[in-house]
Amino acid sequence: MLFEIKTVVHQEDVISFTWNDVGGIYHVYKDEEHVYEGTVPEFSDGDIKHAKLFTYAIERVENGEVVDVIALQTSAFAEQKNKDNPLQSLVMTTIVAKTQIALSWEEMSEVEDYDVFRNDMYLTTVNNNCYVDRDISLDETYRYTIRSKRTLAQSEDRFNVSKSIFSTAFGLVNPASSKEKAAVEVFEMSKWIAKPRELLVPVQDRIRRPNVDRWQFRYTTFLADRWVTNPNVLAWNHYFKGDDRGFDVHGEGFRTRVHIELAYDQIGTPLTFTKAVGPTIAYNRLKQFREQATASHEGIVLKRLDHKQEESGFFITHAVGNPLTPAPKIDYEVQAVLRQDGTFDMTGYHDQAPHHEVYMIRGEGNEWLPIHQAESKGLAWMSPVIAWQYWRCSSFG
């Protein structure tokens, strides 16, 4: 019998889990605090805060020595769900053992199946809310991504029945789309997992890792094409200049860019916030220059979120329009927690146009990690009647 988790049960105000009874004495640590010792292979935790991530280590001891470890990360059910962003309060559980990495997530209403990716490579499609990977290396880091879809009519948002009707109509009149695609919400959940060997070190033997005192975050929206046709066929501004590039954290052309730096090692833990808007350039049907303007950045607003001494973050709302013609704004929201221990939790949603790209630097280096990238489906997809794309990315270890 393998030393693995058998069940994880979430109830109101309680997280409970059991594991295979392979013998010995068991110790359970919660965020490295010793909370259980005994021979019964189960533990219940009633000292929890809703929607907060907790990390548990289950150790098996024989003859006074730790012979095996399981690492588990999960959260309690949120008292109130965020209807604007269903993923923000969704419970996701990650289990790491010598023999497996297991993922489970709270079921989403009316979602039929989930596509599973590992390090951006497609693995499988499952029709339940869990996945177990036994083909793992203890010395490799992993990023698992779960992608799913559902129609607006099936959404929990009470406004989405009428919104679904308008999305269907949009699909009928927009030749570049379809009534089905326009009414489909897209969800993407990603979990970054450290090397299992590092997560499975006995708690008493762990060497405290250096704090991650510096964080950088960058969110950019851009138009990938060189020329972008105005969805309003009657407008004098028939074309707009695109940014003519692909995903690139250093890409020079952009519609909007937000850059944030967080410094735990400075007095007051300063958070620096800069925002920029690229120029909008319009052309006639012959691609001759007509006019140019730059939209205001007042629609980009940041609110700092401080949870405790070593846990800080931010909440951004973004609504920037086209300064040359009446058009829907580029809308998105993102909320992030960046902890001094090096873990993070980010969640957001946005229009399905233009291109959206999110990157992060963790620590003193200069290596930008891609957190979220979404391709545009066309400017018409910025319409408020179109379904959103939702994303969440967090780390374990």
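Residues numbered from 1 in each chain as written. Predicted model: local features only at pLDDT ≥ 70, side-chain atom pairs only at ≥ 80, totals over all residues. Heavy atoms only, no water.

Side note on the layout of surface pockets
In this structure, the largest pocket encloses a volume near 1000 Å³. Forming the walls of the largest pocket are 33 residues, and the residues nearest its centre are Glu32, Arg206, Arg209, Asp341 and Thr343. Mapped by element, the contributors of at least two residues to the lining of the largest pocket are strand S6 (53–62), strand S7 (65–75), helix H3 (196–199) and strand S28 (389–396). It is S6 that contributes the most residues to the lining of the largest pocket, five residues altogether. When the residues that make up the lining of the largest pocket are grouped by side-chain class, the tally is 13 nonpolar, seven polar and 13 charged. Its volume calculated, the second largest pocket comes out at about 860 Å³. Lining the second largest pocket are 38 residues, and of these Val228, Thr229, Pro231, Leu379 and Ala380 sit closest to its centre. Where the lining of the second largest pocket is concerned, the elements lending two or more residues are strand S16 (227–229), strand S17 (239–241) and strand S20 (280–283). For the lining of the second largest pocket, the residue count by class is 21 nonpolar, 13 polar and four charged. (1 Å grid on protein atoms, 1.4 Å probe; cavity = no way out; pocket = protein on both sides within 12 Å on 5 of 7 lines; lining within 4 Å. Points joined across faces, edges and corners; volume = space filled by probe spheres on them. Helix = DSSP H or I, 4+ residues; strand = E, 2+ residues; numbered from the N terminus. Nonpolar A, V, L, I, M, F, W, Y, C, P; charged D, E, K, R; others polar.)

Some thoughts on empty space enclosed by the protein
For the structure on display, the rule yields one cavity of 30 Å³ or more. Volume-wise, the largest cavity comes out at about 70 Å³. Leu53, Ser75, Leu90, Val91, Met92, Met189, Ser190, Lys191, Arg392 and Ser394 are the residues that line the largest cavity. Listing elements by their share of the lining of the largest cavity, those giving two or more residues are strand S14 (184–193) and S28. For the lining of the largest cavity, the leading source of residues is S14, giving three residues. Here the lining of the largest cavity is composed, by residue class, of five nonpolar, three polar and two charged.

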